[in-house]
Every structure is written in structure tokens, then in C-alpha cells.
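Given next are the chains, with one letter for each unit.
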Amino acid sequence: MNDAAKPAIRVVKHSIVIAGHRTSVSLEEPFWRALKDIAAADGVSLAALVAQVDAGRGEANLSSALRVFVLERVSAK
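Attention here is on the structure that accompanies the text. (Residues numbered from 1 in each chain as written. Predicted model: local features only at pLDDT ≥ 70, side-chain atom pairs only at ≥ 80, totals over all residues. Heavy atoms only, no water.)

With eight bridges joining them, strand 1 (residues 11-18) and strand 2 (residues 21-28) adopt antiparallel strand pairing. Across the sheet, the residue bridging to Ile 16 is Thr 23, located in strand 2. Between strand 1 and the antiparallel strand that follows it, strand 2, lie two residues; Ala 19 among them carries a positive phi value of about 50°. (Pairing = 2+ DSSP bridges. Helix = DSSP H or I, 4+ residues; strand = E, 2+ residues; numbered from the N terminus.)

Spelled out as C-alpha cells, the structure:
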């Protein structure tokens, strides 16, 4: 598929509350879908899953940490 034929991937911003603070996270739609699927499989809310990733991300940007988390989970299958 050439570049002109590839569908555009939208970046979607979600507001989420982490540790009592509202923040916005921008991710591509496929990452949001994967995070929602992972949260459902783990039996937690999306906000709880994002909070778990946030708690362990160290100095990394939250959006980047979420992308790496999804990649690692998908790769572990």
C-alpha cells in the first residue's frame, strides 16, 4: 500500500483523572482501543489501568509510557 492509500490515524485526546488530578492524554485511536481491551481483560477501568501505568513510568512521558505498555502487552501474547 502506498502512502497516499493509507488511512490517516487520528490522535485522540482523553481527559482522565489520575490520583485525584485531571490530566489529558493524547494517543492514536488504535492505542486507545488496545488500552480499553486490556483494561476489560484485566477487569479494571481504563482510568485504573492508566493510573497503574502512570505509577510505574518514572521520568517517561505518560503518552509514551502507555504506548510502550500496549506494545509490551501485545508482544507478550
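In this section: the pattern of salt bridges. A complete count under the given rule lists four salt bridges for this structure. Its salt-bridge partner being Arg 10, residue Glu 29 comes within 2.7 Å of it at the nearest N-O pair. Of this pair, Glu 29 sits in helix 1 (residues 29-42) while Arg 10 is found in the segment before strand 1, placing the two residues 19 residues apart along the sequence. By relative accessible area, which is 52% here, Arg 10 ends up exposed. Across the pair Asp 42 and Arg 73 runs a salt bridge whose closest N-O atoms are separated by 2.9 Å. In this pair, Asp 42 is assigned in helix 1 and Arg 73 in helix 3 (residues 62-75), connecting sequence segments 31 residues apart. According to the relative accessible area criterion, Arg 73 is partly exposed, its value standing at 30%. (Salt bridge = Lys/Arg side-chain N within 4 Å of Asp/Glu carboxyl O. Buried < 20%, exposed > 50% of the residue type's maximum accessible area, 1.4 Å probe, protein only.)

With that out of the way, let us pick up helix 1. Under the 1.5 Å per step criterion, the end-to-end length of helix 1 is 20 Å for 14 residues, consistent within 8% with the ideal 20 Å. Within the sequence span of helix 1, burial applies to Trp 32, Ala 34, Leu 35, Ile 38 and Ala 39. With its buried residues spanning 165° around the axis, helix 1 presents them on a single face. Looking at helix 1, the residues exposed on the side facing more than 90 degrees away from the buried face are Asp 37, Ala 40 and Ala 41. Buried residues along helix 1 sit against strand 1, strand 2, helix 2 (46-55) and helix 3. Just downstream of helix 1 lies Gly 43, where phi reads positive at about 70°. (Expected span 1.5 Å × (residues − 1). Arc of directions from axis to C-beta. Contact = heavy atoms within 4.5 Å.)

This paragraph deals with helix 3. The end-to-end C-alpha separation of helix 3 is 20 Å, in line with the 20 Å expected for 14 residues at 1.5 Å each. Within helix 3, burial applies to Leu 62, Ser 63, Ala 65, Leu 66, Phe 69 and Val 70. Projected down its long axis, helix 3 shows its buried positions confined to an angular sector of 160°, all on one face. Residues of helix 3 that are exposed and point more than 90 degrees away from the buried face comprise Leu 71, Glu 72 and Ser 75. Packed against the buried residues of helix 3 are strand 1, strand 2, helix 1 and helix 2. The backbone nitrogen of Ser 63 lies 2.8 Å from a side-chain oxygen of the residue at the head of helix 3, namely Asn 61. (Polar contact = N/O pair within 3.5 Å; in protein donor to acceptor, adjacent residues only side chain to side chain.)

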